[in-house]
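As a plain string of letters, each chain reads:
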Amino acid sequence: MTAETAEFERLRAGDAVHVWRGRAPDALLPEDTALLSAAELGIVRRRSPQAAVRYAGAHAALRRVLARYLGEPPERIRLGRQPCPRCRHPEHGRPRIDWPPSGLDFNLSRSGGHWLLAVVAGHQVGADVEDGRTVDVQGSSAIVLTADELAHMRAQPTEELRLAAFFRCWTRKEAVVKASGVGIVADLRTIEVRPAHDGPVRVTHVEPNGPDTWTVQNLPVGPGLFAALAREAGSTGPVLLRDYRREIQNLPYDSDPHDDAYGPAPHDTEKEGAHAA
């Protein structure tokens, strides 16, 4: 048994979720593009330079992480999609691993230069990360939050706390709809995520296929970032936060010195759970 497949067995035996955090490089790297599929390279070519770097960096990282569990070279892994549970369209359902065969499930989210990847065995999972910089909170809250959630957000005494309340709701909802496979087509106002509770919280969201109930929790991913994880209710294993820079790239832990340099850049956040891979 290789070290990679041993890691998969530990993941499955512990009913765990591994949540990997990373950041895209500052330039398009040949060692990243060399791992991507023809379809992924096509997306890179169609993006703006900054968005291309972030997409290629996150998707190369995705492949390197999955390779640890699958025991195959990153470039040989084939990624596809499940059909959408609502319309059955094959191009915007949950991502899946087409080869090699495995029981591994994953969910990738990106916001600005940051990415978050949840990996689990035998269950559905969803993750969302937001950098909080480019969202119109006042405009978005009315079309995203339930009445109770909106009241909770507006009751916060400072703008900073109102922002945190909004993104606690937003990331929890996004994690749920990405885990279920419907993504942005879902009406987020129908999903109650109980922002007054630190969590984990039990959230109900019914789709034609898959679980109806999810366990949702916030993730501590660093200053200025908001993140949440959704997994099938009844999953009781640990959630382990893992650092891509240290474990995959063999570099010291990065507290992200670039954070202060990011001002209001063009918003290229991509919901890559139900819509990626």
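Just above, that's the structure.
Residues numbered from 1 in each chain as written. Predicted model: local features only at pLDDT ≥ 70, side-chain atom pairs only at ≥ 80, totals over all residues. Heavy atoms only, no water.

Peer 1: Please clarify how unusual backbone geometry should be interpreted in this entry.
Peer 2: When glycine is set aside, most residues are seen to have a negative phi, and most peptide bonds are trans. In the segment running from Trp99 into Pro100, the intervening peptide bond is cis, with an omega of 0 degrees. Summarising the element assignment, Pro100 is placed in the loop between β3 (95-99) and β4 (104-111). With an omega dihedral of 5 degrees, the bond running from Gly199 to Pro200 counts as a cis peptide bond. For Pro200, the location among the structural elements is in the loop between α7 (159-180) and β7 (201-204). (Helix = DSSP H or I, 4+ residues; strand = E, 2+ residues; numbered from the N terminus.)

Peer 1: Before we go on, may I ask you to explain the environment of Pro90 in this structure?
Peer 2: One can find Pro90 in the loop between β2 (78-81) and β3. Sequence separation of Pro90 and Gly80 is ten residues, and the distance between their C-alpha atoms is 9.0 Å.

Peer 1: I tried to follow the sheet that holds strand β9 (residues 226-232) on my own but got confused; where do I start?
Peer 2: As a general point, the strands of a sheet are linked pairwise by backbone hydrogen bonds and lie either parallel or antiparallel. Spatially, β6-β9-β8-β7 is the arrangement adopted by the four strands of the open sheet, whose pairing is antiparallel. The sheet is open, and its two borders are formed by β6 (125-130) and β7, each paired with just one other strand. Shown here is a sheet whose adjacent strand axes are inclined to one another by a mean of 25 degrees, direction ignored. Here β7 pairs with strand β8 (residues 213-218) via four bridges, running antiparallel. Each residue of the ladder has a partner; that of Thr204, found in β8, is Thr213. Along the sheet face, α7 touches β6, β7, β8 and β9 and points at about 145 degrees away from the line of β6. (Pairing = 2+ DSSP bridges. Axes fitted to C-alpha atoms, helices over the stretch in contact; angles between N-to-C directions. Contact = heavy atoms within 4.5 Å.)

Peer 1: What is the right way to read the pattern of salt bridges from this model?
Peer 2: Pairing between side chains becomes possible if they bear opposite charge and their charged atoms approach one another. Evaluation of the coordinates by the stated rule reveals 14 salt bridges. Glu9 is the partner of Arg12 in a salt bridge, and the nearest nitrogen-oxygen pair spans 2.3 Å. Note that Arg12 and Glu9 are positioned in helix α1 (residues 3-13) at a spacing of three residues, about one turn of the helix. The exposure class of Arg12 is partly exposed, given its relative accessible area of 43%. (Salt bridge = Lys/Arg side-chain N within 4 Å of Asp/Glu carboxyl O. Buried < 20%, exposed > 50% of the residue type's maximum accessible area, 1.4 Å probe, protein only.)

Peer 1: It is not clear to me how helix α5 (residues 137-144) should be interpreted in this structure. Could you clarify?
Peer 2: Turning to α5, its buried residues number three or more, namely Val137, Ser140, Ser141 and Val144. For α5, the arc enclosing every buried residue in end-on projection is 110 degrees, short of the 170-degree limit, so these residues lie on one face. Those residues of α5 that are buried are in contact with α6 (147-154) and α7. (Arc of directions from axis to C-beta.)

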